[in-house]
Amino acid sequence: MTSFRASVPLLALALTVAACDSSDPLDPPMIDGQLQVEGGRGTAADLVLNLDADAGVQSLTVAVDGGAAEAITVADGATQVTYSFDIPADATVGTAYSLAFTVTDDEGQTDTATGTVTVGRLIDTPDDYEFTRDGSTTVAYNGQINRLNMVAEMKDYLKRADRGEVISEQVLLDMFENAGGNGGGNFSFTASQQLKNKTFAPDLDGGLYEDFFARAAAASVAGNAGTDAADGVAGLITRENSGNTILVDENGREFVQFVEKGLMGSVFYNQIFNTYLTDNRIGPNVENTALRDGENYTDMEHHWDEAFGYFGAPVDFASNWPTERRSEARFWANYSNVSDPELGLNTRIMDAFTAGRAAVVNNDRAEITSNTDELYTVLELTTAATAVHYINDTLGHLDEGKTGEAFHTLSEAWAFTRALLFSPRRQITPAQIDEILDTDFGADGNFWNVTVAGLNKAKSTLVQIYPELAPVQDDL
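Residues numbered from 1 in each chain as written. Predicted model: local features only at pLDDT ≥ 70, side-chain atom pairs only at ≥ 80, totals over all residues. Heavy atoms only, no water.

Some remarks on the overall build of the protein chain
From N to C terminus, the protein chain includes 14 helices and 12 strands. Expected size for 476 residues packed as a compact globule is a radius of gyration near 23 Å; at 35 Å, the protein chain overshoots this value by more than 25%. Projected onto the principal axes, the alpha-carbon positions of the protein chain cover approximately 150 × 50 × 40 Å. Residue burial in the protein chain is summarised as follows: out of 476 residues, 49% are buried. Expressed as a percentage of contacts within the protein chain between residues at least 6 apart in sequence, the contacts between residues at least 24 apart total 66%. Of the roughly 21000 Å² that the protein chain leaves accessible, carbon and sulfur atoms contribute 47%. When the 29 positive and 72 negative side-chain charges of the protein chain are each reduced to one mean point, those points stand 9 Å apart. (Helix = DSSP H or I, 4+ residues; strand = E, 2+ residues; numbered from the N terminus. Rg over C-alpha atoms; globule rule 2.2 N^0.38 Å. Buried < 20%, exposed > 50% of the residue type's maximum accessible area, 1.4 Å probe, protein only. Contact = heavy atoms within 4.5 Å. Areas by Shrake-Rupley, 256 points an atom, 1.4 Å probe, with all protein chains shown as cover. Lys, Arg positive; Asp, Glu negative; His and termini not counted. Charge placed at Lys NZ, Arg CZ, Asp CG, Glu CD.)

Have a look at this one:
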């Protein structure tokens, strides 16, 4: 009996020990936390993992996009871990990286969780065309500013002939080629750039501007001798509103307008449309990660800036540009101002340039493409609107019997219509452009033959091709 009674407490002890056996499984580990995050390219995106492991964490790993698992260090007793994922510097907006996290506790039990890092914007679009990196600007387009200055000074030189002075073909050639880095001594500045090697290839091959220069120089001799312009005779014609004279060719076309507005198309638009907004300069294979040697910009950033530089706008250019600052808007920016009240062109153009440049910084291919498309569209619309504006002016001058004023504004209408040629995405055909220039603006391209009917036909053609002009066609 004694042995029997002694066995009872022994059995109870055994049961108690069994109930507390440390070999009983604990709850499996768990991972949760902030696992869906966004960040810009070239930055670190932090994912916060909450770890619940009663038995302690043996290991924590992550596998990116199905790749090999990599260990993540977890401090003893830690219940939260921050994992920093380095977003590649060349990542594009919208790219998503899948991160598979696995935790294993000291009992060998595991849990998995999936995190996602989505590439978002590195910067927001600024109000003005101003971009910085590490506190310094990333915007540079000095070469474009130099070329704008070259055209401005060529125009000033050509206007001497409007006053009856003789001008030199060689001086114009030297300025076009920037001989000696200072236009053969005719520029007020020095620069390494030139206009000639940026001119639209067919115009260059055809010697278009060399011909203008030669004929302008010859006509200036006639003007200096007091020759009045007439049908078939180059010379001076008086603008009735100001009393000033302008030098025109034998067809009544003003040399200053042909050269200035012509180069706005052959150089400025040509470079925007056929160079800087193309895949060769802003496409997906263009360097947009490493900074150019010695500079604070990537190749793609710089190419976009150069397109903007040819537009000629101040960095804060937008609708309702104040009259007192009008001189700051140069060339194309100045002429977008002409039709801005009716069409809101300034804002559309600046929004596209600024948002597109931000998209380059963000490496947002969809936004780059969208804003490039908008620039092709709105810059072409600006050109057509300006052509219609000068057709309207010419109609008014003809109605008043002011031939000198009519030839001045018709020369501008001619040059702006021709500038439509330079967009590879143009809505108007070369044949339609030729019809306007060679027939509607005067039979055989002769302004002395221009008629009201011809001008209205040209205007109608432009409005039909660019229907946004229809509601405002008489107000431009």
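So that's the structure; there's more coming.
Thoughts on the pattern of salt bridges
This model, assessed by the stated rule, comprises 25 salt bridges. Between K196 and E210 there is a salt bridge, and its shortest N-O distance comes to 3.8 Å. Taken together, the residues span a long stretch of sequence, with K196 in the loop between α3 (169–177) and α4 (201–205) and E210 in helix α5 (residues 208–224) at a distance of 14 residues. (Salt bridge = Lys/Arg side-chain N within 4 Å of Asp/Glu carboxyl O.)

So, empty space enclosed by the protein
Where empty space is left can be seen by rolling a probe of water-molecule size over the atoms. Applying the stated criterion across every chain, the model contains one cavity of 30 Å³ or more. Of the pockets and cavities examined, the largest cavity occupies roughly 70 Å³. Considering each element in turn, the lining of the largest cavity owes the most residues, four residues, to helix α12 (residues 403–419). Its residues placed into classes, the lining of the largest cavity shows eight nonpolar, two polar and one charged. (1 Å grid on protein atoms, 1.4 Å probe; cavity = no way out; pocket = protein on both sides within 12 Å on 5 of 7 lines; lining within 4 Å. Points joined across faces, edges and corners; volume = space filled by probe spheres on them. Nonpolar A, V, L, I, M, F, W, Y, C, P; charged D, E, K, R; others polar.)

Here's the deal with the confidence of the model for the protein chain
Across the protein chain, the average pLDDT comes to 93, with 95% of residues at 70 or higher. Here residues 1–22 scores under 50 on pLDDT; set against residues more than four positions off or in separate chains, the count is one contact. (pLDDT = per-residue confidence, 0-100.)

Comments concerning the environment of R215
Note that R215 resides in helix α5. Placed 173 residues apart in sequence, R215 and V388 show a C-alpha to C-alpha distance of 28 Å. R215 has contacts with D249, E250, R253 and F255, leaving out every residue within four places of it along the chain.

Concerning the packing of aromatic side chains
Counted by the stated rule, this structure contains 29 aromatic pairs. Ring plane angle 10° and centroid distance 3.9 Å describe the contact between Y129 and F308, whose orientation is recorded as stacked. Taken as a pair, Y129 in the loop between β8 (110–119) and β9 (132–133) and F308 in helix α8 (residues 299–311) lie far apart in primary sequence, 179 residues in all. No difference in accessibility class separates Y129 from F308, as the two residues are buried. Aromatic pair F407 and W448: ring centres 4.8 Å apart, planes at 90°, arrangement edge-to-face. Residue F407 is found in helix α12, and its partner W448 is found in the loop between α13 (430–440) and α14 (452–465); the two are separated by 41 residues along the sequence. What makes W448 partly exposed here is its relative accessible area of 28%. Through successive ring pairs, a cluster of aromatic residues spans Y129, F131, Y141, W304, F308, F311, F317, W321 and F353. Across the ring face of F131, the terminal group of R357 is positioned such that the distance to the ring centre comes to 4.8 Å. (Phe/Tyr/Trp six-rings, centres within 6.5 Å; stacked < 30°, edge-to-face > 60°. Lys NZ or Arg CZ within 6 Å of the ring centre and 35° of its normal.)

Comments concerning a negative patch on the surface
Residues D27, D32, D52, D54, D106 and E107 make up a contiguous surface patch of negative charge. Here E107 shows up in the loop between β7 (96–105) and β8. The class of E107 is partly exposed, set by a relative accessible area of 35%. (Patch = residues over 30% accessible without salt bridge, like charges linked within 9 Å, V, L, I, M, F, W, Y side chains within 5 Å.)

Details of the nonpolar core
One finds M154, F441 and L469 to be the most contacted residues of the largest nonpolar core, which totals 111 residues. Here M154 is in contact with L172, M175, F176, F187, L195, F213, V259 and L263, once residues within four sequence places are set aside. Counting 22 residues, the second-largest nonpolar core is a separate cluster that includes L51, V62, Y83 and F101. (Core = buried A, V, L, I, M, F, W, Y, C linked by side-chain atoms within 4.5 Å.)

Concerning the sheet that holds strand β4 (residues 57–64)
Here we have five strands laid out as an open sheet, ordered β2-β8-β7-β4-β5, and mixed in their pairing. The sheet is open, and its two borders are formed by β2 (36–39) and β5 (70–71), each paired with just one other strand. The pairing of β2 with β8 spans four bridges and is classified as parallel. Each residue of the ladder has a partner; that of G39, found in β8, is V119. (Pairing = 2+ DSSP bridges.)

Let's talk about α8
Compared with the 18 Å implied by 1.5 Å per residue over 13 residues, the 19 Å span of α8 between its first and last C-alpha is a close match. Of all 13 residues that make up α8, 12 are buried, and the element is covered over most of its length. Every buried residue belonging to α8 is among M300, E301, H302, H303, W304, D305, E306, A307, F308, G309, Y310 and F311, and all of these are buried. (Expected span 1.5 Å × (residues − 1).)

Digging into the packing of helix α9 (residues 332–343) against helix α10 (residues 345–362)
Look at α9 against α10: their axes get within 6 Å of each other, and the N-to-C directions meet at 105°. The orientation of α9 with respect to α10, classified from their angle, is roughly perpendicular. The segment α9 lies against α10, with S336, N337, S339, D340 and L343 engaging L345, N346, T347, R348 and I349. Partitioned by chemical class, the residues of the contact of α9 with α10 number three nonpolar, five polar and two charged. (Axes fitted to C-alpha atoms, helices over the stretch in contact; angles between N-to-C directions. Parallel < 35°, antiparallel > 145°, perpendicular 65-115°, else oblique.)

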